[in-house]
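Architecture and fold: a report
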Amino acid sequence: MFGIGLPTIVGGLTWSALLSLMGIGITLLYRTTKVPNFAHASFVTTGVYASFTLSLLGFHPYWGILAGFILTGLEALLLFYSILEPLRRRKSSVFILMIGTLAFDILFYGILNIYADYLQTVFKASARAVYLAPKDFSIMGIPGIMFMSLGMLVISVLGLYLLLNRTTVGIALKACMENTALAQTIGVNVSLMLMLSWFIAGGIAGISGALLPMYIETSPDIGVLLVAEMFCVSILGGLEQVYGAPLGGFLMGFAEVVLTSWLASEVGPWIISYTPLLPLGAMALTLIFIPKGLATIKIRRREG
Amino acid sequence: MSVWSDIILFTVDLLALFGVYLIINISLNIQRGFAGIPNFGLMFAIAGGAYITGAVATRLALVMLGMHTNLDPIFDNIPVLSKVDPLLQSQSLTSIALMIILLIIGAIFGAILGLIQLGPAIRLREDYLAITLLAFAEMINVIAVAYKPFIGGITGVQVPDVFAWSGEYRFYIATAAILVVAAISYVYAEFLGRSPLGRTMKAIRENEVAAMALGKNLVKYRAIAMVIGSAFCGMAGVLWTLYGDTVTPTYHRFYWTFLPWLMVLLGGLGNNKGALLGTLVFTVLDKLIIYYKHSLAGMLPFDVVWLDQVLLGLITAIILIYRPQGLLEEKPYVPKELEAKLKSIEKK
Amino acid sequence: MLKVKNLNSGYGKLHVLYDVSLECEKGEIISVIGPNGAGKTTLLNSIFGIANIYSGSITIDGKETTRLPAYVISRMGVAYVLQMLNVFAQLTVEENLRISAAYSKVKDINKATEKIYEIFPILRERKKQLVGTLSGGERQMLAISIGLIRNPKILLLDEPTAGLMPLYVKMIANKIKEIRDMRGISIILVEQNVQKALELANKVYVLVSGQIIFKGSPSELKEKHEIMKLYLGVGE
Ligand SMILES: Nc1ncnc2c1ncn2[C@@H]1O[C@H](COP(=O)(O)OP(=O)(O)O)[C@@H](O)[C@H]1O
Ligand SMILES: [Mg+2]
């Protein structure tokens, strides 16, 4: 149908799941800390190097999911405690917090590059072009990464749902998202809740990063390259909706992989080089036509 | 080469970089400092100015020199330039005219890009606005790489050398041109800050909620600030391209958006002197790091440039936490007559 | 029970309260009244550890609480019902109550919730509803309940009847008295509605421009015609 083959569908599903995993954390942090987190770029890259390092040490790269979750979770805590908490305590504006995440991202971009160089010179590993798909398993010809990324997405969303609705801590976290001042009055330690949300959001970004080299070639730049797209996924799904990111992720992932592949066969392959415009364009259209639920402040027009 | 000429070349190169960044930072100051636009997509207009130069400079030179050729100025870039450059070298007035026309084109193109970029986002809240502007800016490289007739795809193009007439003083003259435009932008921003328009914009920045009540005016002032700022950014792109007489579609948001932000934050937001100081400190630091990194290279198991990033990230975090107002704090401008009146009241 | 001594506080550089002292015994209702912007909310914020305290001291049962973070003060038995946005609109009524109880010393959350439903039966009917769908009066009852379920020693109420229909004003006023009598809680009641405040209070403080200009019984205040007229807009 439409000349779309099975590999395209598989690719679309995989990419959608990966994008969703990246977007979830951005949305979650936006809901709890109210800050668009630029450090998501280095969170994802950290996940990549977690699984790459493990594979160098002889483990299967999928162990990187666990390592990436923990490591990136800790990285997020570092950001939270070293920069965001001090800023929050001085009642800095959201904008300053945002620049704080940017500063952290630049710092970690440097560190990750140093680490990659180090792996390259010491281990003679190709640490600037990480591609681990040859180590993947497959079921009936379908690469394992599709099952793993979809599986991780389901686990993350389900886990988040259960946490936020079935546990006291989760309900407290939800309470913090809605009204920090009120959550304080009922004895919730808000800073602890924020910390929890940073750990989870960082961890999930780490998972997506750990999975990434099983699907595409990655480098220390991968997070920086993808961060605009991550924001598009989050915004498309609606930053005010915790579960919005997967919606944005699937829309974007399918548009990028399936739509592009179809267009390439119909219009010509030259169109592929324009693919990166898709998420950006989609975001612009979202903002113009369906800004509702996008936390926009509409400026009131004077009547008459 | 003597140490002396080494130092002079270093200084000239440093001043060129300083000048280009000063133009950009002043325009960021106009956008963010005056009108509260968190422009995280500065690169859009800067790259726009650079790329439009690549796209039209050779064509324009052909017209101005009255030359005809069947070759394509983009795809047969080198052969065409090998005919254009020698002729241009002997015509200093035409060269200068070409530069001025390119600056005007760059300013207009930058301003248009700024409006396109701001258009869908103009009513958004600060954080959303920042993300949208950033995402938009990413588009220009996608297009410049994919659409080859623009500036020749990923390899880029060379542009005519408009400073070749100055011979061995080429880099001095080029740097002087950059500094002249930087000085103009600085004076203009100072003037703007004291004008009623500038003060209105600052009022809007101070109180977005109250400004909301102004309704359409907020949109109008944001648009004005964006147009002015983007026009300057476009000119910065033009100058940087002419300085190196080549352009590739590799403008990166780190160098052309984030660095300017860090410089302005270092100096102090909304304050032109601060922008000047921040730019100076950063460019000197940056050049020194590059200058000394060769002596470190080989001693460490990684490329020294990455220490740049680590250092920048650290410095920024430290500024944010310990001196959020920057090196120089913004002072409200009080017109002289008013100041005199206030003093006479105080005396009573 | 609660002692505030020579309190100076505000927000950042904005100094709001000047040398404010206040005392509240067990089982008492203290009313704090005064014009808009006088600093009534700031007084409660200071007690609860939200505002910046420059000097002075606050003690609860003799224990200094002056610079403790809000969640610690709250776990010491102080419940604060905010003036606005005092319920979680995106949680259900029952979730609102349970989350508050969960972060207090209350052991048996089910029993505590049941007790609340006895005081405010309407909340039982609404327990599975999202709070966003409740009426203003119902929300205010829930807000008080969120504080009450924590079994506090001290309840801080910031304008609990503001903007409500008269029917609800009367009902909530009665409930406040009932709560005091039933549980022996100390209540600090900030009110704009002077009549209601005088009717409920054992002691009244009048706060104007960040300073206490009157302290005494409701009947004593009624004698001070100029205060009633000038600052509270009551009387001739
Ligand atoms: N969260 C806050 N941050 C800064 N200033 C505040 C805050 N809340 C109140 N204020 C200021 O403190 C002063 C007293 O306000 P408030 O205590 O709310 O008065 P009241 O409750 O008596 O109406 C006012 O000038 C108000 O603008
Ligand atoms: Mg109040």
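Quick caveat: nothing in here was measured; it's all calculated off a predicted structure.

Moving on to the overall build of chain A. In terms of helices and strands, chain A carries 11 helices and two strands. In terms of overall dimensions, chain A is globule-like: its C-alpha atoms have a radius of gyration of 20 Å, near the 19 Å expected for 304 residues. The dimensions of chain A, computed from C-alpha atoms along their principal axes, are 60 × 55 × 35 Å. Counting only residues that meet the buried cut, chain A has 61% of its 304 residues in that class. Intrachain contacts of chain A at a sequence separation of at least 6 include 77% that bridge at least 24 residues. A total of about 11800 Å² of accessible surface is found on chain A, and carbon and sulfur atoms cover 70% of it.

For the rest of this paragraph, the subject is the pattern of salt bridges. Residue and element names in this part refer to chain C. Scanning the model with the defined rule gives 13 salt bridges over all chains in all. When the shortest N-O distance is used, the salt bridge between E28 and K203 registers 3.9 Å. Here the residue E28 occupies a position in the loop between β2 (14–24) and β3 (29–33), and K203 occupies one in strand β9 (residues 203–208), the gap between them amounting to 175 residues. Considered together, E28 and K203 belong to a single accessibility category, that of buried residues. K175 is the partner of E178 in a salt bridge, and the nearest nitrogen-oxygen pair spans 4.0 Å. Of this pair, E178 and K175 both sit in helix α7 (residues 166–183), three residues apart, which is roughly one turn of the helix. Judged by its relative accessible area of 36%, E178 is partly exposed.

What follows concerns the site of ligand 1. All names here are of chain C. Contacts to ligand 1 come from Y11, L14, V16, P35, N36, G37, A38, G39, K40, T41 and T42. For ligand 1, an oxygen atom lies 2.9 Å from a polar atom in the backbone of K40. Here ligand 1, which alone exposes 550 Å², has 59% of that area covered by the protein. For the shell around ligand 1, the secondary-structure elements that each account for two or more residues are β2 and α1 (40–47). Among the elements that take part in the shell around ligand 1, α1 stands out by supplying three residues, more than any other.

Now for a nonpolar patch on the surface. Residues and elements named next belong to chain A. Residues L56, L57, F59, W63, L66, I70, L74, Y118, V122 and F123 make up a contiguous nonpolar surface patch of roughly 990 Å² in combined accessible area. Elements represented by at least two residues in the nonpolar patch include exactly α3 (64–89) and α4 (94–123). Secondary-structure assignment places W63 in the loop between α2 (40–56) and α3.

The next thing to look at is the sheet that holds strand β10 (residues 211–216) of chain C. All names here are of chain C. Here six strands make up an open sheet; going across it, the order is β6-β7-β8-β3-β9-β10 and the pairing mixed. Among the strands making up the open sheet, the edge pair consists of β6 (78–81) and β10. For this sheet, the mean angle separating the axes of adjacent strands, direction not counted, is 15 degrees. Here five bridges tie β3 to strand β8 (residues 186–191), and the two strands are oriented parallel to one another. Bridge assignment links I33 to a residue of β8, and that residue is E191.

How big an interface is tends to be stated in terms of accessible area lost as the parts join. Across the boundary between the two partners, chain C contributes 22 residues, which contact 20 residues of chain A. Both faces combined, the contact of chain C with chain A buries some 1800 Å², and carbon together with sulfur accounts for 64% of it. In terms of surface lost to chain A, no three residues of chain C exceed Y71, F88 and Y103 of chain C, which account for 34% of the buried area on that side. In this assembly, chain C and chain A are joined by zero salt bridges. Our count for the chain C to chain A interface comes out at eight residue pairs in polar contact (both at pLDDT 80 or more). Here the residues of the side of chain C that touches chain A sort into 15 nonpolar, four polar and three charged.

Residues and elements named next belong to chain C. All of the protein donors around the magnesium ion (ligand 2) are T41 (OG1) and Q83 (OE1); their distances to the metal are 2.0 to 2.4 Å. Of this pair, T41 sits in helix α1 while Q83 sits in the loop between β6 and α3 (93–102), and the two are 42 residues apart along the sequence. Taking relative accessible area as the criterion, Q83 reaches 32% and is therefore assigned partly exposed.

Another point: unusual backbone geometry. Residues and elements named next belong to chain C. Phi at L85 takes a positive value of approximately 45 degrees, unusual for a residue other than glycine. Mapped onto the secondary structure, L85 falls in the loop between β6 and α3. The residue E159 is not glycine, and still its phi comes out positive at about 45 degrees. The residue E159 is located in the loop between β7 (154–158) and α7 in this model. Owing to a relative accessible area of 7%, E159 belongs among the buried residues under this scheme.

This brings us to the confidence of the model for chain A. On average, chain A scores 88 in pLDDT, and the residues at 70 or more come to 94%. Scored below 50 in pLDDT, residues 292–304 of chain A shows 29 contacts in the model against residues more than four places distant or in partner chains.

All right, on to the interface of chain A and chain B then. Taken together, the 52 residues of chain A in the interface contact 51 residues of chain B. Of the roughly 4600 Å² buried at the junction of chain A and chain B (both faces included), carbon and sulfur atoms supply 77%. At the surface where chain A touches chain B, the tally comes to zero salt bridges. Linking chain A with chain B are four residue pairs in polar contact (both at pLDDT 80 or more). Listed by contribution, the elements that provide at least two residues to the side of chain A that touches chain B are α3, α4, α9 (222–237) and α11 (277–289) of chain A. Taken together, the residues that form the side of chain A that touches chain B break down as 37 nonpolar, eight polar and seven charged.

Attention shifts here to the pairing of β9 of chain C. Residues and elements named next belong to chain C. With six of six residues buried, β9 lies mostly within the body of the structure. Side chains K203, Y205 and L207 project from β9 onto one buried face, and the interleaved V204, V206 and V208 project onto a second face that is buried too. For β3 and β9, the ladder comprises four bridges, and the chain directions are parallel. From the neighbouring strand, V32 faces β9, where its bridge partner is Y205. Examined bridge by bridge, β9 and β10 share five bridges and lie antiparallel to one another. Following the sheet pairing, V204 is matched in β10 by G216.

About the thresholds
- Residues numbered from 1 in each chain as written.
- Chains lettered and ligands numbered in written order.
- Predicted model: local features only at pLDDT ≥ 70, side-chain atom pairs only at ≥ 80, totals over all residues.
- Heavy atoms only, no water.
- Helix = DSSP H or I, 4+ residues; strand = E, 2+ residues; numbered from the N terminus.
- Rg over C-alpha atoms; globule rule 2.2 N^0.38 Å.
- Buried < 20%, exposed > 50% of the residue type's maximum accessible area, 1.4 Å probe, protein only.
- Contact = heavy atoms within 4.5 Å.
- Areas by Shrake-Rupley, 256 points an atom, 1.4 Å probe, with all protein chains shown as cover.
- Salt bridge = Lys/Arg side-chain N within 4 Å of Asp/Glu carboxyl O.
- Near = heavy atom within 4 Å.
- Polar contact = N/O pair within 3.5 Å; in protein donor to acceptor, adjacent residues only side chain to side chain.
- Patch = residues over 30% accessible without salt bridge, like charges linked within 9 Å, V, L, I, M, F, W, Y side chains within 5 Å.
- Pairing = 2+ DSSP bridges.
- Axes fitted to C-alpha atoms, helices over the stretch in contact; angles between N-to-C directions.
- Buried area = accessible area lost by both parts, 1.4 Å probe.
- Nonpolar A, V, L, I, M, F, W, Y, C, P; charged D, E, K, R; others polar.
- Donors = N, O, S within 2.8 Å, 3.2 Å for Na, K, Ca; no water.
- pLDDT = per-residue confidence, 0-100.

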